[in-house]
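Inside the fold
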Amino acid sequence: MDRRVTLRNSALEVQLLPAVGGGIVRFDRVFDGRRQPLLRGTDAAISDVLYASCFPLVPYVNRIRGGTFACDGRVVTLSLNSPGDPSPMHGQGWRAAWEVVEESKNHATLSFHHKAGEWPWEYEAAQRIALDEHGLSLDLSCRNLSPERMPCGLGFHPYYPCTAETMLDTVVESAWTIDAAVLPVDNVPPRGRYDLRARRICGQALDNGFDGWNGAASIIWPGELASLRLSSPDAGRFQVYSPPNGGLFVAEPVQNANAALNAPQSQWPELGLTFLEQGQSSALHARFDVMTG
């Protein structure tokens, strides 16, 4: 259950735990005998991907209000899949085992096959995780195998370590306020507590989606030798979770807005959902460049 796949080069190391949500459990810079975590990592045996460093979101991102939505005249109802949360979220991939289909010292390919059930479409998903001397590339794809067209939105869910000085720097066009169930209420300008430009990000009590992301974000740990530049040309939205007690935060490249599947179907494309006909695929590329000096 806990077999880790390790990718390594002269300065970087990635550990994968395919059987637990296809997750990454470490991404570190290793230099001069010192290990700097670039994502929140663990050496412990885990059975829940919520304790991992990063995991894939497929075939939709974030929450579905009440677990029910309608698509092409069909009502779909999903079970809860996260303890304590009243809304099912993030699709099926993060709660499933993935298969290793290719493995080398610097890259691996994982796959996941979903048979039609509560989510009434059959699909296959694949992740390619590739390490090079400058950083980490993640590629996620989803292919519809059902005769009926399937809505799809993809994302990655990375956790970062943080202290009071950790900074997130990115540009967005708007932010979504949320209700007590962490579901969207109003779309507002990214000002004040929603401003993500050169923002001290630890302990900020945020759990919000942002629209109009410019596709690049910097994560800086003052006093550390390395920082990260996250980029994704395929994700027009950004999700940030920063719990008030600090210690970690989440900054996600995502394609669809929170609760997009609850909106009228005519609005789905503008909310980031794509319809896949049988045999069609959707893809998301994300990159973590390690910046030093």
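Our structure's up above, just so we're on the same page.
Described below are features of the structure shown in this document. (Residues numbered from 1 in each chain as written. Predicted model: local features only at pLDDT ≥ 70, side-chain atom pairs only at ≥ 80, totals over all residues. Heavy atoms only, no water.)

1. Some words on the nonpolar core
The line we're drawing: We call a set of buried residues a nonpolar core when its members are Ala, Val, Leu, Ile, Met, Phe, Trp, Tyr or Cys and they connect through side-chain atoms within 4.5 Å of each other. Remark: exposure states derive from per-residue accessible area (1.4 Å probe, protein chains only) relative to the maximum for the residue type, with buried under 20%, exposed over 50%, and partly exposed in between. Residues are treated as being in contact if the distance between any of their heavy atoms lies within 4.5 Å.
Residues Phe27, Tyr160 and Phe238 are the most contacted members of the largest nonpolar core, which totals 71 residues. Setting aside residues no more than four positions away along its own chain, Phe27 makes contact with Leu12, Glu13, Val14, Gln36, Pro37, Leu38, Leu39, Leu131, Leu136, Leu228, Phe288 and Val290. Of all hydrophobic cores here, the second largest spans 15 residues; its members include Phe55, Leu57, Val61 and Val254.

2. Regarding the state of the cysteines
This is how the line gets drawn: The criterion for a disulfide is a pair of cysteine sulfur atoms lying within 2.5 Å. The numbering of helices and of strands both runs from the N terminus, where a helix is a DSSP run of H or I of at least 4 residues and a strand a run of E of at least 2.
This model, assessed by the stated rule, comprises 1 disulfide. In this model Cys162 forms its disulfide with Cys202; the gap between the sulfur atoms is 2.0 Å. Here the disulfide of Cys162 and Cys202 is right-handed, its torsion about the S-S bond being about 65°. Of this pair, Cys162 sits in the loop between strand E13 (155-161) and strand E14 (167-170) while Cys202 is found in the loop between strand E17 (199-200) and strand E18 (206-211), placing the two residues 40 residues apart along the sequence. For Cys162, a relative accessible area of 10% puts it in the buried group. Not part of a disulfide, Cys71 finds its nearest cysteine sulfur in Cys152, a span of 12 Å. Of all cysteine sulfurs in the structure, the one in Cys152 sits closest to Cys142, which takes part in no disulfide; the separation is 4.0 Å. Classification of Cys142 as buried rests on a relative accessible area of 0%.

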